[in-house]
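Coordinate analysis (summary)
These are the residues of each chain, in order.
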Amino acid sequence: MSWMRGPLLAFDLETTGTDVETDRIVTAAVVRLDPDGAVAAERTWLLDPGVAIPEQASAIHGISTEHARAHGLPAAAAVEEIAAAVAEGLRSGTPLVVMNARYDLSLLDRECRRYAVASVSERLGEAPSPVIDPLVIDKHVDKYRKGRRALYALCAHYGVSLDDAHDARADAVAAARVVRRLGETHRPVGRMPLADLHDLQVRAAAEQSVSLQAYLRRTADPAAVVEPSWPLIPRSR
């Protein structure tokens, strides 16, 4: 049976910044969608990240340091719950949809290390799989299309509603619906066995990283480094 006819588990984070090694989770969502796109179950978290949330990040997701400290869960306990929920979904065989998976899954991995919590990989005994990343797939199947590839842009391109951008739940749901539209629009993707689709994304993400490295060299930013691994950036130590 095609993965298009089964449920999807969608995962999204909102964070203090963009560095997977140092930034922290502020909100998270794990949402299960039925084959018709309806939300079947969901879990959301608001964390006290234990550090100040920069104003630039608060301006994006709307969570201030004061709000997180007053209403957020202790980070260690929440990270444990998030990692467990993601691993449980993957263990069931349900594909995990993550927009820019390399970022969200790697940041969750580093938070697990920070709080001495078993990571998703440690719980599964292997790297997270199967993962479906609409960013990687869209770049692969339509590589020459001009314009941005952020979630809001993919939603507009594939006709998916996104009413509350940068809310973890809304972004997770939208990413899963974009993936279904991708599968419908690009039928070889929709028909591909999950294991093959996952492997395709590993190769495609590596190719996309090489292309980005070449672009950075052309734009005189030789110090920039793009990690080619997918869906996890390896730990540095």
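Everything below is about the structure printed above this text.
Note that the structure is a prediction, hence the values are computed from the model and not measured.

1. Describing the pattern of salt bridges
- Summed over all chains, the structure comprises twelve salt bridges.
- The partner of Arg43 in a salt bridge is Glu81, with the nearest N and O atoms 3.3 Å apart. You can see Arg43 sitting in strand E3 (residues 39–48) and its partner Glu81 sitting in helix H3 (residues 75–91), a full 38 residues away along the chain.
- On the basis of relative accessibility, which here comes to 31%, the residue Glu81 falls in the partly exposed class.
- Each of Glu21, Asp109, Arg110, Arg113 and Arg235 takes part in salt bridges that share partners, so that together they form one network.

2. Observations concerning the sheet that holds strand E5 (residues 96–97)
- Strand order in the open sheet made by the six strands is E4-E3-E2-E1-E5-E6, with mixed pairing throughout. Of all strands in the sheet, those bounded by a partner on one side alone are strand E4 (73–74) and strand E6 (131–132).
- In terms of strand pairing, E5 meets E6 through two bridges, oriented parallel. Of the residues in E6, the one forming a bridge with Leu96 is Val131.

3. A short note on helix H8 (residues 168–185)
- Taking 1.5 Å of rise per residue, 18 residues should cover 26 Å, and H8 covers 25 Å from first to last C-alpha, within 8% of that figure.
- Of all 18 residues in H8, 13 are buried, a share of seventy percent or more.
- The N-terminus of H8 is capped by Asp167, whose side-chain oxygen sits 3.1 Å from the backbone nitrogen of Arg169.

4. Let's talk about unusual backbone geometry
- Residue Pro130 is bonded to the preceding Ser129 through a cis peptide linkage, with omega at 0°.
- Within the element layout of this structure, Pro130 appears in the loop between helix H5 (120–124) and E6.
- With an omega dihedral of 0°, the bond running from Trp230 to Pro231 counts as a cis peptide bond.
- Along the chain, Pro231 falls in the segment after helix H10 (194–218).
- Backbone geometry at Ala116 places phi at a positive 55°, although glycine is not the residue there.
- Within the fold, Ala116 resides in the loop between helix H4 (101–114) and H5.
- Here Ala116 falls in the exposed class, since its relative accessible area comes to 73%.

Cut-offs used in this document
Residues numbered from 1 in each chain as written. Predicted model: local features only at pLDDT ≥ 70, side-chain atom pairs only at ≥ 80, totals over all residues. Heavy atoms only, no water. Salt bridge = Lys/Arg side-chain N within 4 Å of Asp/Glu carboxyl O. Helix = DSSP H or I, 4+ residues; strand = E, 2+ residues; numbered from the N terminus. Buried < 20%, exposed > 50% of the residue type's maximum accessible area, 1.4 Å probe, protein only. Pairing = 2+ DSSP bridges. Expected span 1.5 Å × (residues − 1). Polar contact = N/O pair within 3.5 Å; in protein donor to acceptor, adjacent residues only side chain to side chain.

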